[in-house]
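Chain by chain, the residues run as shown.
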Amino acid sequence: MVTLLLVELHHCNKLTLPGQAAPPAPCLEHLLSENLLDKLYEWGIKTGRYANAVRLEQLKLYEQLVSHSRHQLLVHEPFLRPLLKLLASSQNEIYPPDVEKRLVILLNQLCVVLMQNVHLLDLFFFSTTQTQQSHHTSNGGHTNFIIFSLLIPYVHREGSLGHQARDALLLCMALSQKNSNVGTYIATYSSICPVLVTGLGGLYSRLPNQIEIKTIDWYRITTDDVTEMPELTLFMNSLEFCNAVVQVAHTMIRQQL
């Protein structure tokens, strides 16, 4: 199914002459008109011990379709609704490394698309009391920016997973400058500022009390010193990330941090 859809999307994305009708996309039209992604999600939650394997394939599916269609599919309810359901059901869950990796890749991809299409941001805000039902806000609770809240648990991860998550979080911070809803959510309702500060403090407490001085003319910490000390490397990475956040984020977030 994904292969056929990607072939169609590639065909549709080709430049057409002015006035020329858009090329037909029967598979894509069928996918949307028959709510196939909704049905796939509903089936996926009933697959028992295969649930993680099915979720992995769904994450791959959305990642590929979002990256190839840019923002075009996100405006369609039959595409967006099951995507939001899948993301909402991923909150507070513990997944195997391969599922975590795919989830973060998809979230990163969505952040890139939103940076290029800021008008789509509101699609990813919904009430905390309506997580499964709708992406619209209600009076029942504060709004939740689902992409950002899913990225927070990965902010202190090492390796490529943590690197991608931090890149995506920085994109969200940059988005807060363009959309006050994002700034308000991050500063007021998300846990990112305490998480960053606590993490930085924890890494600082792990630094050695003394550093062995090997040469007489030693007078400052160099890049080589940092690389030779894993604890110092982790602390500096965290400090640099906090510094990057302060530079690109909305004033409210900056003050909170």
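Here the structure is a predicted model, which means the values were calculated and not measured.

> Any chance you could break down the overall build of the protein for me, citing the residues and the numbers?
Across its full length, the protein carries 13 helices and two strands. With the C-alpha coordinates of the protein rotated into their principal frame, the extents come out at 75 × 45 × 40 Å. Per-residue burial over the protein gives 42% buried out of 257 residues. Long-range contacts, defined here as pairs at least 24 residues apart, represent 65% of the contacts in the protein between residues at least 6 apart. When the accessible surface of the protein is summed, it comes to about 14300 Å², and 55% of that surface belongs to carbon and sulfur atoms.

> Would you mind going over the side chain of N117 in detail, with residue names and values included?
Inspection of the secondary structure puts N117 in the loop between helix 6 (97–116) and strand 1 (125–127). Exposure remark for N117: the relative accessible area of 10% places this residue in the buried category. A polar contact of 3.4 Å, which involves the side chain of N117, links it to the side chain of H71.

> Run through helix 3 (residues 36–44), naming residues and quoting values.
Along helix 3, the residues that are buried comprise L37, D38, Y41 and G44. Considered in projection along helix 3, the buried side chains sweep an arc of 130° and stay on one side of the axis. Considering only its buried residues, helix 3 is in contact with helix 2 (26–33), helix 4 (51–69) and helix 5 (77–88).

> So what's going on with the nonpolar core? Residues and values would help.
L74, F79, F124, F145, I147, F148 and I192 are the most contacted members of the largest nonpolar core, which totals 75 residues. Among the elements that make up this core, the one with the highest residue count is helix 6 (nine residues). Filtering out sequence-adjacent residues up to four positions away, I192 remains in contact with F148, I152, V155, L169, M173 and I186.

> Could you give an account of the confidence of the model for the protein, with specific residues and numbers?
Here the protein averages 88 in pLDDT, and 90% of its residues register 70 or above. Taken together, the stretch residues 129–140 has pLDDT below 50 and engages in 28 contacts with residues farther than four places along the chain or on a different chain.

> Lay out the state of the cysteines in plain terms, naming residues and giving numbers.
For the structure shown, the criterion picks out zero disulfides. The closest cysteine sulfur to the non-disulfide-bonded C193 is located on C242, 9.1 Å from its own sulfur. Under the relative-accessibility criterion, C193 is labelled buried at 5%.

> An account of unusual backbone geometry is requested, with residue identities and associated values reported.
Of all residues except glycine, most have a negative phi; of all peptide bonds, most are trans. The phi torsion at N35 lies on the positive side, around 50°, for a residue other than glycine. On the secondary structure map, N35 appears in the loop between helix 2 and helix 3. A positive phi is found at N92, a non-glycine position, where the angle reads about 60°. With respect to the element layout, N92 can be found in the loop between helix 5 and helix 6.

Cut-off values and rules
- Residues numbered from 1 in each chain as written.
- Predicted model: local features only at pLDDT ≥ 70, side-chain atom pairs only at ≥ 80, totals over all residues.
- Heavy atoms only, no water.
- Helix = DSSP H or I, 4+ residues; strand = E, 2+ residues; numbered from the N terminus.
- Buried < 20%, exposed > 50% of the residue type's maximum accessible area, 1.4 Å probe, protein only.
- Contact = heavy atoms within 4.5 Å.
- Areas by Shrake-Rupley, 256 points an atom, 1.4 Å probe, with all protein chains shown as cover.
- Polar contact = N/O pair within 3.5 Å; in protein donor to acceptor, adjacent residues only side chain to side chain.
- Arc of directions from axis to C-beta.
- Core = buried A, V, L, I, M, F, W, Y, C linked by side-chain atoms within 4.5 Å.
- pLDDT = per-residue confidence, 0-100.
- Disulfide = S-S within 2.5 Å.

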